[in-house]
Amino acid sequence: MNLDNNAEIKATNIPAWLKEAVFYEIYPQSFKDSNADGIGDFNGIIQKLDYIKGLGCNAIWMNPCFDSPFGDAGYDVRDYYKAAPRYGTNEDLKNLFDEVHKRGMHILLDLVPGHTSIEHKWFKESLKAEKNEFSDRYVWTDSVWEDPEGYCSLKGIFPRDGSCMLSFFSNQPALNYGFYKPDPNKKWQQSVDATGPKATVEAIKDVMRFWLKMGCDGFRVDMAGSLVKNDENGKGTIALWKKISSFLYKEFPDAAMVSEWGEPDKSLEGGFQMDFLLHFGPSHYNDLFRCETPYFAGTGDASAFVDKYIENYEKSDRKGLICIPSGNHDMDRLSKTIKGDNLKIAFAFLLSMPGAPFIYYGDEIGMRFVEGLNSVEGGYSRTGARSPMQWDDGVNAGFSTAPAADLYIKQDDDPDRPTVSKQEKDPDSLLNEIKKIIEIRKSHLALGNMGQIEFVTKGKQGEPLVYKRTFGDECILVALNPMDKETEIVLDDETKKVIYLFGSNIIKGRKMVLSAQSATYILL
Ligand code: NOJ
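Now for a quick tour of the structure. (Residues numbered from 1 in each chain as written. Predicted model: local features only at pLDDT ≥ 70, side-chain atom pairs only at ≥ 80, totals over all residues. Heavy atoms only, no water.)

### Focus on the sheet that holds strand E12 (residues 358-360)
Filter applied, for reference: For two strands to be treated as a pair, DSSP must find at least two bridges joining them. By definition, any uninterrupted DSSP run of H or I lasting at least four residues is a helix, any uninterrupted run of E lasting at least two residues is a strand, and each is numbered from the N terminus. Axis definition: a line fitted to C-alpha atoms, limited for helices to the stretch in contact. Angles are taken between N-to-C directions and run from 0 to 180 degrees.
Pairing is parallel in the open sheet, where 8 strands are placed in the order E11-E10-E9-E8-E5-E2-E1-E12. Each end of this open sheet is capped by a strand with a single partner; those strands are strand E11 (321-323) and E12. Direction aside, the axes of adjacent strands within the sheet are offset by 25 degrees on average. Looking at chain direction, strand E1 (residues 23-26) and strand E2 (residues 59-62) are connected through 4 bridges and run parallel. Across the sheet, the residue bridging to Tyr24 is Ile60, located in E2.

Put into structure tokens, the structure is as follows:
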């Protein structure tokens, strides 16, 4: 397939592989344990690469796998240059990159540039009373009696006379990228061009270089939109990412980055090739999947989502890919709110939208949110969405041979819990439906990452969601009816061929009746 001559997305920095990428998110601690310690690891992931490929995914985003005290599941990095021993060595990680590439796949690591762990050596230097190379690596006020306004801080427990700004939890001090508009009365607010912030950028570039040279294909970037402070409209942070991304694409033209930002008009401007729509921020993503009456549960309204999507699509001038994930390690499991056949319709949506799809491990079998768990590694209410993968009917559902009590997180203990092996055997399973849809997506450029979209309906309450996808001369109509009653649409165009159907549709001339809970893709 030639995506280069005919690219509908205007970005110039999208490597060929990304144009056809379908991602699978791996939470490494919960995916596959190869050494029976109850925690997933790199070698376990290698054992399951053929499964991921068989699903149709050709790219991976792996959550943080660096040395960490794991106060926030690895988003509190202690050493950016060292793989966490519980997952394996740097050599094992390199081996994972090689095994991924052998299969024609790609892998993104999770880069956490906004903060480190309090155990990071930069922070240990930074908290000293004596000025040193790392004194300005984090955002500090210049007196322990002054807090960084609008942020929580760490203070009074170090020799340094100052309060250190926190970026997330109390063990995650904020790295210093400067202030977009430093307050002249607060000397400690440094400009983005000051020596400290510039050194932080160089340090993060070095980390990126290190892993890219070892063979990773790029990064998912944690909290990418909040690095520069006092930056209400994101201008300072956009400028920062312009610098970092131009370095990246110059030195590593095949690398890719996806931002946890949720505002594609800003992130794509900053040079990211992809941005996520998320459960927070202005996208109305939750209206579709995770609210009291989600559209894909058949009861809600998708129109605010669609309006915002169109606005983003136009504002970002289609410089890159707007990515809609099935879920992630921070959200409730998709199957908590979307049930039965509606899950298939949700995937018929996720896998027919522009941008790269991201499937959160286990969502492809409808893994359930495990209720009532105590927090593990800073998971709190997110813990139930991070339980170990359910592979088969063996010990611990094939995740690990460790005693059940030693598993990273307790598994769903329902005897009817979904597993990969059960669903592989069932032709009507969610897993097999997703495989089918990915294959269809891959054989039609119009349905793929780079094609255009035009909405025919917005999925108001009681209305199907209908849109056209186009690439070059190919045009495909997607019609989704998650409701439990049949519905009708009038078509503007003649239909040529139904290429995907779940449920039933009856086309009579320009009228199409969509059965309750149905999804269809039709070539126009
Ligand atoms: C977003 C990550 O996805 C989340 O898991 C983490 O806790 C915060 N950023 C802080 O790094």
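We are not done yet, so read on.
### Regarding helix H4 (residues 90-102)
Because each turn of an α-helix spans 3.6 residues, side chains separated by three or four positions end up pointing in the same direction. What counts, and what does not: One fewer than the residue count of a helix, multiplied by 1.5 Å, yields its expected span. Only protein chains enter the accessibility calculation, which uses a 1.4 Å probe. A residue is then buried if its area is under 20% of the maximum for its type, exposed if over 50%, and partly exposed in between. Directions drawn from the helix axis to the C-beta atoms are what define this arc. Whether two residues are in contact is decided by their heavy atoms: any pair within 4.5 Å suffices.
End to end, H4 covers 18 Å across 13 residues, agreeing with the expected 18 Å (1.5 Å per residue, within 8%). Regarding H4, the residues found buried are Leu93, Leu96, Phe97, Glu99 and Val100. Buried residues of H4, seen end-on, are gathered within an arc of 165 degrees and therefore sit on one face of the element. In H4, those exposed residues whose orientation departs by more than 90 degrees from the buried face are Glu91 and Lys102. Tucked into the core, H4 has its buried residues touching helix H2 (42-47), helix H3 (49-55), E2, strand E4 (79-83), strand E5 (106-111) and helix H6 (195-214). Backbone geometry just after H4 places Gly104 at a positive phi near 70 degrees.

### Quick look at the side chain of Asn396
What counts, and what does not: Pairs of N or O atoms within 3.5 Å make up the polar contacts considered here, provided that, within protein, one atom can donate a hydrogen while the other can accept it, and that residues adjacent in sequence are counted only when both atoms are side-chain atoms.
Tracing the backbone through its elements, the reader meets Asn396 in the loop between E12 and helix H12 (420-425). There is a polar contact of 2.8 Å between the side chain of Asn396 and the backbone oxygen of Ser400. When near neighbours in sequence (up to four residues on either side) are disregarded, Asn396 contacts Thr401, Ala402, Ala404, Leu407, Gln411 and Arg417.

### Topic: the layout of surface pockets
Using a probe with the size of a water molecule, rolled over the atoms, empty space left in the structure can be pinpointed. Note the following rule: Only protein atoms enter the 1 Å grid, on which a cavity is a set of points fitting a 1.4 Å probe that cannot get out and a pocket is an open set with protein on both sides within 12 Å along at least 5 of 7 lines, lining residues being those with an atom within 4 Å of a point. Grid points are joined across faces, edges and corners, and a volume is the space filled by probe spheres set on the points. Asp, Glu, Lys and Arg are counted as charged, while Ala, Val, Leu, Ile, Met, Phe, Trp, Tyr, Cys and Pro are counted as nonpolar; the rest, among them Gly, fall into the polar class.
There is about 420 Å³ of room inside the largest pocket. Here the lining of the largest pocket is built from residues that sort into 6 nonpolar, 7 polar and 11 charged. Roughly 330 Å³ of internal volume is contained in the second largest pocket. Around the second largest pocket sit 22 residues that line it, and Leu343, Ile365, Gly366, Pro418 and Gln423 are the ones nearest its centre. Contributing elements (two or more residues each) for the lining of the second largest pocket: helix H11 (341-350) and H12. Residue contributions to the lining of the second largest pocket peak at 3 residues, all from H11. Considered class by class, the residues forming the lining of the second largest pocket number 6 nonpolar, 5 polar and 11 charged.

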